[in-house]
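# Survey of secondary and tertiary structure
One letter stands for each residue in the lines below.
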Amino acid sequence: MEFTHFVSFLPGWLPLTQSVRHGSKAVTRHRKPMHITKQKLMAVTKYIPPKPAAPPGAYPSQTRQVQEESGLILLKKRQLKNLFQDFKMIAVAQNNGSNSEDLMILKNRLHKHGIMIKFFPNQIMQSFLNDSVYSNMAPLFFGPTVLLVSKNPKVKEMLTTLRASPQMTLLGACIEDTLLSIQGLMSYSKLPSVTTVQGELISGLTMLTSQTAVMLQRHPAHLSALLQQYIKQQSTDSTEGAPQAEAAS
Amino acid sequence: MLSLIKAAVGGLAGVCGAHGHKQGLLHNHCRVLSAGLQTYVIPPDYSDVVLPERPKLKFVNKVPNFKKAKKEMKKLRDIQGPARAGHTFTNGQYAIVALGGGYLHWGHMEMMRLTINRKMDPKTTFARWRINPPYKPITRKGLGQRMGGGKGAIDHYVTPVRYGRLIVEVGGKVELAEVEPFLKEVAKKLPFPAKVMSKEGLAAMYQQQADMENNNQNPWTFKEIARGNMLGIRKVISPFDLHNHGRFTGKFHLPGRV
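Conventions we followed
- Counting restarts for each chain: residues are numbered from 1 in the order of the written sequence.
- Here the convention is simple: chains get letters from A, ligands get numbers from 1, in the order in which they are written.
- Given that the model is predicted, a residue must reach a pLDDT of at least 70 before its local features are reported, and side-chain atom pairs must reach 80 or more before they are shown or counted; all residues, however, enter totals for whole chains, interfaces and linings.
- Based on all heavy atoms of the structure, the side-chain values leave hydrogens and waters out of the count.
- UniProt positions are given in the numbering used here, feature names are shortened, and annotations may be inferred rather than shown by experiment.
- Put simply, DSSP marks the helices as runs of H or I at least four residues long and the strands as runs of E at least two long, and each gets a number from the N terminus on.
- For the exposure calls, accessible area comes from a 1.4 Å probe over protein chains only, and a residue counts as buried if that area is under 20% of its type's maximum, exposed if over 50%, partly exposed in between.
- Contacts are residue-level and defined by heavy atoms, with any inter-residue pair within 4.5 Å sufficient.
- Each accessible area is a Shrake-Rupley result for a 1.4 Å probe, and residues are judged covered by the shown protein chains and nothing else.
- Should DSSP find at least two bridges between two strands, the strands are taken to pair.
- Lines fitted to the C-alpha atoms define the axes, with helices restricted to the stretch that makes contact. Angles between their N-to-C directions range from 0 to 180 degrees.
- What goes into a patch is any residue over 30% in relative accessible area without a salt bridge, connected to like charges within 9 Å or, for nonpolar side chains (Val, Leu, Ile, Met, Phe, Trp, Tyr), within 5 Å.
- Any Lys or Arg side-chain nitrogen located within 4 Å of an Asp or Glu carboxyl oxygen qualifies as a salt bridge.
- A residue counts as positive if it is Lys or Arg and as negative if it is Asp or Glu; His and the chain ends are not included.
- Each charge is placed at NZ for Lys, CZ for Arg, CG for Asp and CD for Glu.
- Take the residue count of a helix, subtract one, and multiply by 1.5 Å to get its expected span.
- Our arc is simply the arc of the directions from the helix axis toward the C-beta atoms.
- When the centres of two rings from Phe, Tyr and Trp lie within 6.5 Å, Trp using its six-membered ring, the rings pair. Their planes under 30 degrees apart give stacked, over 60 give edge-to-face, and anything left gives tilted.
- Charge-over-ring placement is defined geometrically: NZ (Lys) or CZ (Arg) within 6 Å of the ring centre, and within 35 degrees of the ring normal.
- Throughout, nonpolar core names a set of buried Ala, Val, Leu, Ile, Met, Phe, Trp, Tyr and Cys residues whose side chains join them through atoms within 4.5 Å.
- Reported orientations rely on four angle classes, namely roughly parallel under 35 degrees, roughly antiparallel over 145, roughly perpendicular from 65 to 115, and oblique for the rest.
- Should the near helix be turned anticlockwise from the far one by less than a right angle, the crossing is left-handed, and should it be turned clockwise, the crossing is right-handed.

By the naming in an unreviewed UniProt entry, chain B goes by Large ribosomal subunit protein uL16m and is assigned to Sphaeramia orbicularis. Quoted verbatim from the Sequence similarities (unreviewed entry) field of UniProt, the annotation for chain B is "Belongs to the universal ribosomal protein uL16 family." UniProt's Subcellular location (unreviewed entry) comment on chain B is quoted here verbatim: "Mitochondrion".

Chain A goes by Large ribosomal subunit protein uL10m in an unreviewed UniProt entry, where it is assigned to Sphaeramia orbicularis.

Written out as structure tokens, the structure is:
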């Protein structure tokens, strides 16, 4: 204060507006008001975080994820491989909410014909089919599906049995390494058995040979008959006349 | 008669043996069945933890044992900025960490001591002071006294605490969840913002600060501008800001700044 009083007497000099000390204050309860320039500096120098990286899964990963297959999956796959090797008829049916009783009855009926019902998870089925030659069967396995397998292709019996259970919808089948649709299965079931077909074939072949024998024998007989007729006509011609011989030939 | 008894004993032994064998088989079978079903969490390893003889917090003196008590100036510097000592763990795992500056009285310390000593389990836990007993004299004039007449008499003593200082350290064969409730209860009664932190948590906090400094996308930093005195900015910022790069205003810490 004394200092300001002293300088205020100087000519041409206005006294300072802030003549008293406003320096440090003992009060530390609140924040000291910040100078406007410092406020601006603080605003300018705010922390700016780096751009967040793309969320996981936004881009396909560079390295392919190789999943370790569990023992159960490997076992199931091995079972499937054996199944496709051993069984000649593998039919795929969709299981539309059949309860255990229905399934048991169906199993029992199919068992009479030596047909078995097998269940496999679709995921394992797909992965097995994609690696095997049966990859064209893969679209059949969608939703709850069951496999109807038998050692011999007993399509007719299977179709008749499945007709009794509306819960099972047949989708297709692989019979002796041939993929068949439902229509194909129907026509396959109408086919006669192998022995009858073989019999027919043999009979057809024998008929042909007999026909050729007949044909071969026919010409000389015909010729001899004609010649005999001619001789007869010649003998009659001399007696009756030409027009009668012409009508006979 | 004797042979009959012998035979009976032999038969009994045979039966016992057979029974024992069967049980063993059954036992093995059971173990195989239950093997894959349960997964146990491995408990933390406390083998290297040594509990001290006196696990509880010691009593702190209200007044230091000076020969001649001298009045001091306010020296507000001693609560400003980050802690220069006592900001790392010594032998505990969890601590109350100051997140601002302030003065601790003897009363605060008594509150902490009594609460923590009452709540903690001395068989598994120990607690240690990380602050000195009150040493800074605070003077007051008596009630109803006229102003003037020089500096007042020493009223009490306090301990200055800066940002980042550990107040109390807790360790032993315990997890954070066991000690956190009562440490939190204590921490919220302190005269500055304080937090209960584990050793890893504190390290992570410092690491995060370092990461922020490294990954800052703002080309203009307080440090560069203040050091370079750009646009004469030194006129409005204090030398204190020059050291702390605008992360503190007085005893207060400004979070999220680089």
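## Points about the overall build of chain B
A tally of helices and strands in chain B yields 6 helices and 9 strands. Residues classed as buried in chain B amount to 38% of the 258 residues present. Long-range contacts, defined as pairs at least 24 residues apart, comprise 79% of the intrachain contacts of chain B with a sequence gap of at least 6. With an accessible surface of roughly 16700 Å², chain B has 58% of that area assigned to carbon and sulfur atoms.

## Regarding the environment of Gln-79 of chain A
All names here are of chain A. Residue placement: Gln-79 occurs in helix α3 (residues 71–86). Residue class for Gln-79 comes out partly exposed when judged on its relative accessible area of 37%. Along the chain, Gln-79 and Phe-120 lie 41 residues apart, while their C-alpha atoms are 9.7 Å from each other.

## So, the sheet that holds strand β5 (residues 178–180) of chain A
Residues and elements named next belong to chain A. Within the open sheet, the 5 strands sit side by side as β2-β3-β1-β4-β5. Their pairing is antiparallel. In this open sheet, the two strands that pair with only one neighbour each are β2 (115–118) and β5. Direction aside, neighbouring strands of the sheet carry axes that sit 25 degrees apart on average.

## A word on a positive patch on the surface
There is a patch of like positive charges on the surface, built from Lys-68, Lys-70, Lys-71, Lys-74 and Lys-151 of chain B. As for its placement among the helices and strands, Lys-70 of chain B is situated in the loop between α1 (2–35) and β1 (94–98).

## Thoughts on α3 of chain A
Residue and element names in this part refer to chain A. Across its 16 residues, α3 extends 22 Å between first and last C-alpha, which sits within 8% of the 22 Å expected from 1.5 Å per residue. Here α3 has its buried residues at Lys-77, Leu-80, Leu-83 and Phe-84. All buried residues of α3 project into a common sector of 120 degrees when viewed along the axis, lining one side. Opposite the packed face of α3, turned more than 90 degrees from it, sit the exposed residues Gly-71, Arg-78 and Gln-85.

## Some points on the sheet that holds strand β2 (residues 102–104) of chain B
In a beta sheet, neighbouring strands pair by backbone hydrogen bonds and run either parallel or antiparallel. Residue and element names in this part refer to chain B. Strand order in the open sheet formed by 3 strands is β2-β5-β4, and the pairing between neighbours is antiparallel. Of all the strands in the sheet, the pair left with one neighbour each is β2 and β4 (136–140). Neighbour-to-neighbour, the strand axes of this sheet turn through a mean angle of 55 degrees, independent of strand direction. Pairing of β4 with strand β5 (residues 153–161) involves 5 bridges; the strand directions are antiparallel. Paired with Ile-138 across the bridge in β5 is His-156. Lying on the sheet, helix α2 (residues 106–119) is in contact with β2 and β5; it crosses β2 at an angle near 65 degrees.

## Examining the pattern of salt bridges
Pairing is possible between side chains that carry opposite charge, provided their charged atoms lie close to one another. Residue and element names in this part refer to chain B. Evaluated as defined, the whole model comprises 7 salt bridges over all chains. The residue Glu-72 makes a salt bridge to Lys-75 at a minimum N-O spacing of 3.6 Å. A salt bridge links Arg-140 to Asp-155; the shortest N-O distance between them is 3.9 Å. Of this pair, Arg-140 sits in strand β4 while Asp-155 is found in strand β5, placing the two residues 15 residues apart along the sequence. Overall, the relative accessible area of 49% leaves Arg-140 in the partly exposed class. Taking the relative accessible area as the measure of exposure, Asp-155 reaches 47% and is therefore partly exposed.

## A look at the packing of aromatic side chains
Tallying each qualifying case throughout the model produces 5 aromatic pairs over all chains. When the ring of Phe-84 of chain A is compared with that of Phe-128 of chain A, the centres are 5.4 Å apart and the planes differ by 40 degrees; the resulting orientation is tilted. Here the residue Phe-84 of chain A occupies a position in helix α3, and Phe-128 of chain A occupies one in helix α5 (residues 122–131), the gap between them amounting to 44 residues. Classification of Phe-128 of chain A by relative accessible area gives buried; the value is 9%. Ring geometry for Phe-59 of chain B and Trp-106 of chain B: centres 6.2 Å apart, planes at 80 degrees, overall edge-to-face. One end of the pair, Phe-59 of chain B, is in the loop between α1 and β1; the other, Trp-106 of chain B, is in helix α2, and 47 residues separate them in sequence. Residue Trp-106 of chain B is classed as partly exposed on the basis of its relative accessible area of 23%. Within the aromatic cluster, the residues linked to one another by ring pairs are Phe-84, Phe-128 and Tyr-134 of chain A. When the ring centre of Phe-87 of chain A is taken as origin, the NZ or CZ atom of Lys-151 of chain A, which lies over that ring, is 5.1 Å away.

## Structural notes on the nonpolar core
Ranked by size, the top nonpolar core spans 27 residues in total, and within it Leu-104, Met-112, Ile-116, Ile-167 and Val-168 of chain B carry the most contacts. Sorting the residues of this core by element identifies β1, α2, β3 (125–129), β6 (166–172) and α3 (176–187) of chain B as the ones contributing at least two each. In terms of residues, this core owes the most to one element, α3 of chain B, which gives 5 residues. Ignoring sequence-local partners within four residues, the contact set of Met-112 of chain B consists of Leu-57, Leu-104, Trp-129, Ile-167, Val-168, Val-186 and Leu-190 of chain B. In this structure, Leu-106, Leu-110, Val-155 and Leu-159 of chain A belong to the second largest nonpolar core, which totals 20 residues.

## Points about the packing of α2 of chain B against α3 of chain B
Residue and element names in this part refer to chain B. Look at α2 against α3: their axes get within 10 Å of each other, and the N-to-C directions meet at 165 degrees. In terms of axis orientation, α2 runs roughly antiparallel to α3. Every pair of crossing elements has a handedness; the one defined by α2 and α3 is right-handed. Across from Met-111, Met-112, Thr-115, Ile-116 and Lys-119 in α2, the residues of α3 making contact are Phe-182, Leu-183, Glu-185 and Val-186.

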